[in-house]
Amino acid sequence: MNKKFLSKAKQLKPQLTQTLVEIDAKKTSLNEGDSAVFDFGNHYVGSLTVQLTSAGSPQDAPALIKFKFCEIAKELDEDTSTYNGWISKSWLQEELIHVDTLPCVLKLKRRYAFRYVKIQAVGLSSKFSIVINNLTAETVTSAPESIELCGSTERESKIDKIALRTLSECMQYEFEDGPKRDKRLWLGDLRLQALTNYFTFKHNDLVKRCLYLFAGTCGKDGELSQAVFTKPKVVGDDAYMFDYSLLFIPVLQEYYEATGDRQTAEELLPIALKQLTLANANFENNVIKDSDRLGWCFLDWNLALNKQCGAQGVYIYCAKYAVKLMSALGKDTTAIENDIALKTKGAIAHFYDKEKGVFVSGKDRQVSYAANIWMCLAGVLSAAENAKVLDKVKCAENAVGLVTPYAYHYYVQALIDCGKITEARKVINNYWGAMADDGADTFYEMFDPNNPDFSAYGAKAVNSYCHAWSCTPSYFLRKYLTEN
Ligand code: RAM
C-alpha cells in the first residue's frame, strides 16, 4: 500500500448528486401471491423507499414481501430460483422482507441498478392485503449533468444517448464497471470509461482518483491488480490479468494528454513502466508463452478464445503508449523502442500465417477476431496490411467471434486505425444499434447478436445491463464520426 497515493485518491473522492424519482403507485393492492411491476421509465442507480398500507381486516400476520430489481424488462420473467451460474447468486437484485406493522415507509437500504421493480406479496393472511401507494428512488451519480447529444443520424444520436447514460450511471465514487455487478473499479473498464469521459463529462479528477487507487494498491512487486475494492477499506484485488495491468499505461498517457497534469504523469510513470518489466517475464525469445490458467489475460468473455497472440498485441500496443508518454515527458525511449522492434519481429514470425493472411493463436493456430484486432492495434504490420487482415478474418471459417462491447470497442478502433471509417460506423450502428433496438436504456456487459441468451457466467440472470465498457460509441462519434 502506498499511503501517499491513497491519500491523494481520498482527497479526490467526489460528491454524489442525489435526485428523487417518484412513481405514484395508484394504491395498487396485492393479495397473497399477487405481484405488480413498476416502471421508472429509465435506468437508475440508487435506493428505494416504498409507502405501504393495508386494506381489509386489521393486520393479523406479518407481510412477507419480495422485491426484484431489473435493469431490463426481460429480467422480470427470469426464473432465478433455479440459478446455477458460477458466480454468486448474491448478485441477484432480490430481497425478501418481513413487514410487521402496516402502514409503513419501507426503505430498502441497498443500492440497486434498475428501471423496473417487481413487488410480490409472498406471504399475507387472507384477512388483509397490502396497498402500495408510492415508490421513490433516491438516485446517485457523480457525473455532471447533461451533455449535448452527438451523431449524424437519429439512430446514432439514440446510441449516443444510451452510451452517455451508461457511463453516467457507472460514475459513482469511482468509475464502476457496472452498478448491478461488480460495482467496482476494474482496470480494463477504466481505460474505456476514461477515454469516453474526456470527450463527454470531462470529470478528469475521477480518472485521477482511479489512477491513484490502482497505483496505491499495487502488489509488493509493483504489479497492478485487475480491480480495486474501496469498501470497507481500499484494497487491491488479489488477482492480476496480463492485459489489464498493461492497460494502465494508455490510461496514464491519455490522462496526461487530456489534462496536461505533468505531476501525476511523472509520479505514476515508474508504476506504469513496471508493468512492462513484469509482463516481459512472460516472453521467451520475444514470443509470449501461452497459458492454460483461466483469467491470465482477458481480451473478451468468449470462453473459446485463445489469448496468446492477442496478449502479445496488447503488450506491443501498451509499450507504444509508454513511448508516447515518455517522449512527451522528455525521457529516453531507446530501450523500449528496441524492445518493441523485437516483439514485433517475434509476433510476425510466430503468429502471422502468410498463407491465410491472418494472425493465429495457440498451439491449435486458432483464428479469432480478438487476436487479429490486437495485432492490428499493435501495428506490427502496416495500416494497409491491417485492413487486409481485418477483411480476411471476416471471411475465415470458424473465426472465434466477440461477445462483449469491450472487445467490440477495440474492433471499431482497429477499423478506424486502418482507415475503414465507414465499416467502423457500420459496426457501431449494427452492434450497439441492436441493443438499442432491444429497448436498452443503457448498454450491456455482454451481447452476442447471434445468441441473445449468452452469458459467460453460465446464467444470464447475473449479466449486467448497464456496463460502462460499452459506453464508447460516445467517444467514437465525437472523436471520429461526426463533423463539428
Ligand atoms: C467482469 C467485470 C468487469 C470486467 C471483468 C473482466 O466480471 O464486470 O467488467 O473487467 O469481467
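What you see is a predicted model; the values in this text were computed from it and never measured. (Residues numbered from 1 in each chain as written. Predicted model: local features only at pLDDT ≥ 70, side-chain atom pairs only at ≥ 80, totals over all residues. Heavy atoms only, no water.)

**Digging into helix α14 (residues 473–481)**
Okay, so step 1: Of all 9 residues in α14, 7 are buried, a share of seventy percent or more.
Okay, so step 2: Tucked inside the fold, the buried residues of α14 contact α2 (154–170), α3 (187–199), α12 (405–417) and α13 (421–437). (Buried < 20%, exposed > 50% of the residue type's maximum accessible area, 1.4 Å probe, protein only. Helix = DSSP H or I, 4+ residues; strand = E, 2+ residues; numbered from the N terminus. Contact = heavy atoms within 4.5 Å.)

**Topic: the sheet that holds strand β3 (residues 63–70)**
Okay, so step 1: Read from one edge of the open sheet, 6 strands run β1-β6-β2-β5-β3-β4, paired in antiparallel fashion. With partners counted over all chains shown, the strands left at the sheet margins are β1 (17–30) and β4 (94–99), one partner each. Strand after strand, the sheet turns through a mean of 25° between neighbouring axes, direction not considered.
Okay, so step 2: Judged from the 6 bridges that link them, β3 and β4 form a sheet pairing that is antiparallel. Its bridge partner being in β4, Lys66 is matched across the sheet by Leu96.
Okay, so step 3: Across the sheet, α2 lies against β2 (35–56) and β6 (128–141), angled at about 70° from β2, the strand it touches most. (Pairing = 2+ DSSP bridges. Axes fitted to C-alpha atoms, helices over the stretch in contact; angles between N-to-C directions.)

**Remarks on α3**
Okay, so step 1: Between the first and last C-alpha of α3 there are 19 Å, a value that for 13 residues agrees with the 18 Å anticipated at 1.5 Å per step.
Okay, so step 2: Of all 13 residues that make up α3, 12 are buried, and the element is covered over most of its length.
Okay, so step 3: Of the residues making up α3, those classed as buried are Leu187, Gly188, Asp189, Leu190, Arg191, Leu192, Gln193, Ala194, Leu195, Thr196, Asn197 and Tyr198. (Expected span 1.5 Å × (residues − 1).)

**Some thoughts on the site of the ligand**
Okay, so step 1: Taken together, the neighbourhood of the ligand is formed by 13 residues, with Asp177, Asp189, Tyr244, Tyr457 and His467 sitting nearest.
Okay, so step 2: The separation between an oxygen atom of the ligand and a polar side-chain atom of Asp177 is 2.6 Å.
Okay, so step 3: Considered on its own, the ligand offers 290 Å² of accessible surface; in the complex 95% of this is hidden by protein.
Okay, so step 4: When the residues that make up the shell around the ligand are grouped by side-chain class, the tally is 7 nonpolar, 1 polar and 5 charged. (Near = heavy atom within 4 Å. Polar contact = N/O pair within 3.5 Å; in protein donor to acceptor, adjacent residues only side chain to side chain. Areas by Shrake-Rupley, 256 points an atom, 1.4 Å probe, with all protein chains shown as cover. Nonpolar A, V, L, I, M, F, W, Y, C, P; charged D, E, K, R; others polar.)

**Focus on empty space enclosed by the protein**
Okay, so step 1: Taken as a whole, this structure holds 2 cavities of 30 Å³ or more when the rule is applied.
Okay, so step 2: Estimates place the volume of the largest cavity at around 80 Å³.
Okay, so step 3: By residue number, the principal contributor to the lining of the largest cavity is β3, which donates 3 residues.
Okay, so step 4: Space inside the second largest cavity adds up to approximately 40 Å³.
Okay, so step 5: Ser90, Trp91, Leu92, Gln93, Arg110, Arg111, Tyr112, Lys180 and Lys183 are the residues that line the second largest cavity.
Okay, so step 6: Class assignment of the residues belonging to the lining of the second largest cavity gives a composition of 3 nonpolar, 2 polar and 4 charged. (1 Å grid on protein atoms, 1.4 Å probe; cavity = no way out; pocket = protein on both sides within 12 Å on 5 of 7 lines; lining within 4 Å. Points joined across faces, edges and corners; volume = space filled by probe spheres on them.)

**Observations concerning the pattern of salt bridges**
Okay, so step 1: Taken as a whole and judged by the stated rule, the model has 28 salt bridges.
Okay, so step 2: One salt bridge in this structure joins Glu176 and Arg111, with 2.8 Å as the shortest N-O distance. Taken together, the residues Glu176 in the loop between α2 and β7 (185–186) and Arg111 in strand β5 (residues 104–123) connect sequence positions 65 residues apart.
Okay, so step 3: A residue is classified by how much of its surface remains accessible, and Glu176, at 5% relative accessible area, is buried.
Okay, so step 4: For Arg111, a relative accessible area of 22% gives the class partly exposed.
Okay, so step 5: Here Arg262 makes a salt bridge to Glu266, at a shortest N to O gap of 3.2 Å. Of this pair, Arg262 and Glu266 both sit in helix α7 (residues 262–280), 4 residues apart, roughly one helical turn.
Okay, so step 6: Its relative accessible area of 28% is what places Glu266 among the partly exposed residues.
Okay, so step 7: The structure contains a network of salt bridges with shared partners spanning Arg181, Asp182, Arg184 and Glu445. (Salt bridge = Lys/Arg side-chain N within 4 Å of Asp/Glu carboxyl O.)

**Some remarks on the sheet that holds strand β8 (residues 227–229)**
Okay, so step 1: What the 3 strands build is an open sheet, ordered β7-β8-β9; its pairing is antiparallel. Edge positions in the open sheet fall to β7 and β9 (235–236), since each of these has one partner strand only.
Okay, so step 2: Pairing geometry for β8 and β9, over 2 bridges, is antiparallel. Considered in β9, the bridge of Val228 is made with Gly236.

**Considering the packing of aromatic side chains**
Okay, so step 1: If you walk through the whole model with that rule in mind, you get 34 aromatic pairs.
Okay, so step 2: Considering the side-chain rings of Phe40 and Tyr44, the 6.4 Å spacing of their centres and the 75° angle between planes classify their relative orientation as edge-to-face. By the burial criterion, Phe40 is buried, and Tyr44 matches it.
Okay, so step 3: Ring centres 5.9 Å apart and planes at 55° place the aromatic pair Phe242 and Trp296 in the tilted group. In this pair, Phe242 is assigned in helix α5 (residues 242–246) and Trp296 in the loop between β11 (287–288) and α8 (308–328), connecting sequence segments 54 residues apart. As far as the burial class goes, Phe242 and Trp296 line up, both buried.
Okay, so step 4: The rings of Trp86, Trp186, Tyr244, Phe298, Trp301, Tyr317, Tyr321, Trp374, Tyr406, Tyr410, Tyr457 and Trp469 are connected pair by pair, giving a single aromatic cluster.
Okay, so step 5: We note Lys13 situated over the ring of Tyr173; from NZ or CZ to the ring centre the distance is 4.4 Å.
Okay, so step 6: The ring of Tyr44 has Arg165 lying over it, and the distance from NZ or CZ to the ring centre is 5.0 Å. (Phe/Tyr/Trp six-rings, centres within 6.5 Å; stacked < 30°, edge-to-face > 60°. Lys NZ or Arg CZ within 6 Å of the ring centre and 35° of its normal.)

**Section: the layout of surface pockets**
Okay, so step 1: Here the largest pocket is characterised by a volume of approximately 960 Å³.
Okay, so step 2: Here the residues of the lining of the largest pocket sort into 18 nonpolar, 9 polar and 13 charged.

**Concerning the packing of helix α6 (residues 248–259) against α7**
Any two packed helices are characterised by how steeply their axes cross, that is the angle between the axes, and by the distance between the axes.
Okay, so step 1: Between α6 and α7, the shortest axis-to-axis distance is 9 Å and the interhelical angle comes to 165°. In this view, α6 runs roughly antiparallel relative to α7, as classed from their interaxial angle. Between α6 and α7 lies a crossing of left-handed hand. Between α6 and α7, the contacting residues are Phe248, Ile249, Leu252, Tyr255 and Tyr256 on the first element and Arg262, Thr264, Ala265, Leu268, Leu269, Ile271, Ala272 and Leu276 on the second.
Okay, so step 2: By residue class, the composition of the contact of α6 with α7 is 11 nonpolar, 1 polar and 1 charged. (Parallel < 35°, antiparallel > 145°, perpendicular 65-115°, else oblique. Left-handed = near helix turned anticlockwise from the far one by under 90°.)

Functional significance is not addressed by these values, which are geometric in nature.
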